[in-house]
Amino acid sequence: MSRNVPDWPPVDVEPVPVHPKAPQAGTKLGPHYSECFGCGDEVPTGLRLQSTMGDEHTVHSQFTVTAAHQGAPGLAHGGLLAAAFDEALGATVGYQLRKPAVTGRLETDFLRPVPVGSTLFIVGKLDGMAGRKVYVSANGHLDAEDGPIALRARALFVIVAVEHFTTHGDKDAIAKLSASSQKRPDLNP
Ligand SMILES: CCCCCCCCCC(=O)SCCNC(=O)CCNC(=O)[C@H](O)C(C)(C)COP(=O)(O)OP(=O)(O)OC[C@H]1O[C@@H](n2cnc3c(N)ncnc32)[C@H](O)[C@@H]1OP(=O)(O)O
């Protein structure tokens, strides 16, 4: 079945300026915040995505689907898969720009069912930037780096000031993020 996919990025973009201190290829990333639903190691019900820097400005993330992630019997819930991609795309942006950014728009194509027990190998890549807008996309391969693509996602992240998190979230957000970051000397060269 053919699918009409709109142009991407949808606007003229510049290359994304990767931060000179972005982690080297092969570096294991995250959790960027121990209480993050997507990657945190202190969230029993979290997705626990594990990410690694790849070559050519990519980030590779793995997400294993458990019984807690079901929608239909034996199959992953679609919204939860979108959450996993939000995390993987956010890591692709955040670790490479080293600037705070939030998801403005996220679109997901579900191409194959994702069974409980399977692992998605998600490869996120930076597609370009226009002002504060960062365009990023990812493919999710089923059960192997070169497995069939089960999901595709595209997102717009918007760079924000750090005050975004203290104003709208927790007044101690910066201290909490900093404390999580201090546990990761590999990310603070
Ligand atoms: C290492 C770190 C790893 C981190 C991983 C974390 C992964 C998880 C990431 C998340 O889930 S973040 C949480 C979910 N997202 C939010 O809660 C964001 C809520 N939305 C907002 O706070 C604001 O709407 C937002 C900051 C996105 C934008 O508000 P602003 O007032 O700062 O900017 P503005 O509205 O002027 O938009 C800036 C540009 O983006 C464009 N834009 C914003 N939202 C858009 C949208 N939905 N679609 C298309 N364009 C959009 C907007 O048109 C504009 O384009 P131009 O510069 O060309 O004028």
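Residues numbered from 1 in each chain as written. Predicted model: local features only at pLDDT ≥ 70, side-chain atom pairs only at ≥ 80, totals over all residues.

Naming follows an unreviewed UniProt entry, where the chain appears as Acyl-coenzyme A thioesterase THEM4 of Amycolatopsis xylanica. Per UniProt, the chain carries the Sequence similarities (unreviewed entry) text "Belongs to the THEM4/THEM5 thioesterase family." (UniProt positions renumbered as here; feature names shortened; annotations may be inferred.)

**Student:** Requested: an account of the site of the ligand, with residues and values cited.
**Tutor:** In the neighbourhood of the ligand, 18 residues make up the surrounding shell, with Gly90, Gly94, Val102, Gly104 and Arg105 lying closest. Top element by residues in the shell around the ligand is helix 1 (residues 78–97). It accounts for six residues. In terms of residue class, the shell around the ligand is built from six nonpolar, seven polar and five charged. (Near = placed C-beta within 6 Å. Helix = DSSP H or I, 4+ residues; strand = E, 2+ residues; numbered from the N terminus. Nonpolar A, V, L, I, M, F, W, Y, C, P; charged D, E, K, R; others polar.)

**Student:** Give me the lowdown on the pairing of strand 3 (residues 58–64), citing residues and values where you can.
**Tutor:** Relative to strand 3, strand 2 (residues 50–53) is paired through four bridges, and the arrangement is antiparallel. Residue Thr52 lies in a different strand from strand 3, and its bridge partner there is His60. Following strand 2, the chain reverses through four residues before pairing antiparallel with strand 3; Glu56 in that reversal takes a positive phi of roughly 50°. Bridge count for strand 3 against strand 5 (residues 119–130) is seven bridges, and the pairing is antiparallel. The residue of strand 5 that forms the bridge with Val59 is Gly124. (Pairing = 2+ DSSP bridges.)

**Student:** Now, about the UniProt feature "domain: Thioesterase" (unreviewed entry) in the chain: what can you tell me, with residues and values included?
**Tutor:** Within this structure's numbering, the places UniProt gives as "domain: Thioesterase" (unreviewed entry) are residues 74–138. As a span, residues 74–138 carries 31% helix and 43% strand, and end to end its C-alpha atoms are 24 Å apart.

**Student:** An account of the environment of Arg98 is requested, with residue identities and associated values reported.
**Tutor:** As for its position among the elements, Arg98 is in the loop between helix 1 and strand 4 (101–110). It is 34 Å that separates the C-alpha atoms of Arg98 and Asn4, two residues lying 94 residues apart in sequence. Those residues within four positions of Arg98 in sequence are excluded, and the remaining contacts are His19, Lys21 and Ala22. (Contact = placed C-beta atoms within 7 Å.)

**Student:** An account of the nonpolar core is requested, with residue identities and associated values reported.
**Tutor:** Counting residues in hydrophobic clusters, the biggest one holds 35 residues, and the most contacted among them are Ala84, Phe85, Ala88, Leu89, Val134, Val136 and Phe157. Secondary-structure elements contributing two or more residues to this core are strand 3, helix 1, strand 5, strand 6 (133–142) and strand 7 (149–159). In terms of residue count, the dominant contributor to this core is helix 1 (nine residues). Setting aside anything within four residues of it in sequence, one finds Ala88 in contact with Leu49, Ser51, Val59, Ser61, Ile122, Gly124 and Ala138. (Core = buried A, V, L, I, M, F, W, Y, C linked by C-beta atoms within 7 Å. Buried ≥ 20, exposed ≤ 12 C-beta atoms within 10 Å, placed from the backbone.)

**Student:** Report on the sheet that holds strand 3, specifying residues and quantitative values.
**Tutor:** With antiparallel pairing, the seven strands of this open sheet are ordered in space as 1-2-3-5-6-7-4. Across the chains shown, the open sheet's two edge strands, defined by having one partner strand only, are strand 1 (28–29) and strand 4.

**Student:** Describe in detail helix 1, supporting the description with residues and values.
**Tutor:** With 20 residues, helix 1 ought to run about 28 Å at 1.5 Å a step, and its terminal C-alpha atoms sit 28 Å apart, in line with that. Where burial is concerned, most of helix 1 is hidden: 15 out of the 20 residues are buried. One or two positions beyond helix 1, positive phi appears at Arg98, with a value near 55°. (Expected span 1.5 Å × (residues − 1).)

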